[in-house]
Amino acid sequence: MIILAATPIGNLGDASARLTEVLGSATIVAAEDTRVTQRLLTGLGIDNRPRLIALHEHNERERAAELVELARDQDVVVLSDAGMPTVSDPGFPLVEAAAAAGVDVTVIPGPSAVLTALAVSGLPTDRFTFEGFLPRKQGERLSALNALAAEQRTMVFFESPNRLAASLADLAAVFGADRRAVVCRELTKLHEEVRRAPLAELAEWAADGVRGEIVVVVAGAPAREADPATALDQVLALVADGVRLKDAAAEVAEATGLSKRDLYQAALDSRHR
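Heads up: these notes are all about the structure in this document.

Reading guide: rules and limits
Residues numbered from 1 in each chain as written. Predicted model: local features only at pLDDT ≥ 70, side-chain atom pairs only at ≥ 80, totals over all residues. Heavy atoms only, no water. Helix = DSSP H or I, 4+ residues; strand = E, 2+ residues; numbered from the N terminus. Contact = heavy atoms within 4.5 Å. Pairing = 2+ DSSP bridges. Axes fitted to C-alpha atoms, helices over the stretch in contact; angles between N-to-C directions. 1 Å grid on protein atoms, 1.4 Å probe; cavity = no way out; pocket = protein on both sides within 12 Å on 5 of 7 lines; lining within 4 Å. Points joined across faces, edges and corners; volume = space filled by probe spheres on them. Nonpolar A, V, L, I, M, F, W, Y, C, P; charged D, E, K, R; others polar. Salt bridge = Lys/Arg side-chain N within 4 Å of Asp/Glu carboxyl O. Buried < 20%, exposed > 50% of the residue type's maximum accessible area, 1.4 Å probe, protein only.

1. Here we look at the environment of Leu52
- Structurally, the position occupied by Leu52 is in strand 3 (residues 51-54).
- Placed 133 residues apart in sequence, Leu52 and Arg185 show a C-alpha to C-alpha distance of 30 Å.
- Residues contacting Leu52, with those up to four places away along its chain left out, are Val29, Thr34, Thr37 and Gln38.

So this is what it looks like as structure tokens:
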């Protein structure tokens with residue numbers, strides 16, 4: 001089978017006993033960077049030296065078929081440099097190919113920079129969206145952020161320290177200078193830092209230069225106040241399409257936060273005008 005194995009995002013002490021056990025007996029490891037994997041094996045005190053196959057963003061689609069065939073007869077452990085493979089890291093084309101070929105895929109759970117940053121951020125965690133890395137070019141980055149301007153869920157981004165200041169400035173420009181955000185730097189490492197502030201303040205701080213692995217967590221947009229007249233039009237449009245008035249009022253009420261009873265009564269009143 002294919003075994004997706006989460007590795008520490010900084011602190012080697014976060015490696016699970018199961019990860020150490022599997023790596024200790026693995027015969028094939030597909031690794032984002034074989035040098036990083038060799039250091040991981042050494043750091044965990046593992047003497048086993050499995051066959052290492054490079055699996056990175058430039059070759060993963062070409063390598064997928066080969067690894068799937070290998071996994072028919074033996075386990076293939078998949079590692080990214082840190083965290084969970086497939087999450088802004090190599091692995092998705094391999095899992096896709098394995099699923100299509102009927103080859104089993106399993107996971108060794110473990111550290112995740114996304115969930116670690118979200119948990120420590122102090123921002124709402126009940127609903128969130130992971131957006132990965134923002135585009136490098138400013139025009140494309142602004143377009144991506146404009147598409148997220150009305151997103152009400154907490155948003156999690158990865159970012160390069162070299163682009164952090166520019167990205168925070170664009171976030172402030174699109175989402176508003178006062179939108180709450182958190183920059184998490186070097187999570188689980190010796191110099192871990194969690195900085196909570198409005199976007200404009202964070203952009204000013206980052207302008208002096210920031211080092212390390214970065215995760216940015218941004219509060220969602222505030223809920224827009226629904227317009228009762230617009231909501232009534234939506235109810236009537238649904239009714240015109242054949243939806244029962246009661247169901248139409250309930251659907252629009254759920255989407256807008258307005259009272260189902262008030263929408264129902266308003267629709268009845270509109271029929272007598």
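2. Quick notes on the sheet that holds strand 9 (residues 193-198)
- Spatially, the five strands line up as an open sheet ordered 6-7-10-8-9, and their pairing is mixed. Two strands in the sheet have a free side with no partner beyond their single neighbour: strand 6 (128-133) and strand 9. Averaged over all pairs of adjacent strands, the angle between their axes in this sheet comes to 20°, without regard to strand direction.
- Where strand 8 (residues 180-185) meets strand 9, six bridges bridge the pair, whose relative direction is antiparallel. Counterpart to Ala181 in the pairing with strand 9 is Ala197.
- Those strands touched by helix 7 (residues 164-175) are strand 7 (154-159), strand 8 and strand 10 (214-218), and its axis lies near 10° from that of strand 10.

3. Concerning the layout of surface pockets
- In this structure, the largest pocket encloses a volume near 1,100 Å³.
- When contributions to the lining of the largest pocket are tallied by element, the ones reaching two or more residues are helix 2 (34-43), helix 5 (113-121), strand 7 and strand 10.
- Here the lining of the largest pocket gets four residues from one element, more than from any other, and that element is helix 2.
- Its residues assigned to classes, the lining of the largest pocket shows 20 nonpolar, 10 polar and 11 charged.
- Its volume calculated, the second largest pocket comes out at about 170 Å³.
- Lining the second largest pocket, in full, are Gln152, Ala223, Arg224, Glu225, Ala226, Asp227, Thr230, Ala231, Gln234, Ala255 and Thr256.
- Within the residue set of the lining of the second largest pocket, elements represented by two or more residues are helix 9 (228-240) and helix 10 (245-256).
- Looking at the lining of the second largest pocket, its residues break down into four nonpolar, four polar and three charged.

4. A closer look at the pattern of salt bridges
- Enumeration over the complete set of coordinates arrives at 12 salt bridges.
- Notably, a salt bridge pairs Glu66 with Arg51, separated by 3.7 Å at the nearest N-O pair. Of this pair, Glu66 sits in helix 3 (residues 60-70) while Arg51 sits in strand 3, placing them 15 residues apart in sequence.
- The exposure class assigned to Glu66 is partly exposed, which follows from its relative accessible area of 31%.
- Of the residues examined, Arg51 reaches a relative accessible area of 44% and is grouped as partly exposed.
- For Glu151, the salt bridge identified is with Arg153, shortest N-O distance 2.8 Å.
- A cluster of three or more residues bridged by salt bridges with shared partners is formed by Arg51, Arg63 and Glu66.

5. Quick look at the sheet that holds strand 3
- The parallel open sheet is built from five strands, whose spatial order is 3-2-4-1-5. Either end of the sheet is taken by a strand with one partner, and the two such strands are strand 3 and strand 5 (105-108). The mean inter-strand angle of the sheet, taken between neighbouring strand axes irrespective of direction, is 25°.
- Bridge analysis of strand 1 (residues 2-5) against strand 4 (residues 76-79) gives three bridges, and the strand direction is parallel. Counterpart to Ile2 in the pairing with strand 4 is Val76.
- Contacting strand 2 (28-31), strand 3 and strand 4, helix 2 runs over the sheet at an angle of about 145° to strand 3.
- Strands strand 1, strand 2, strand 3 and strand 4 of the sheet are contacted by helix 3, whose axis makes an angle of about 150° with strand 3.

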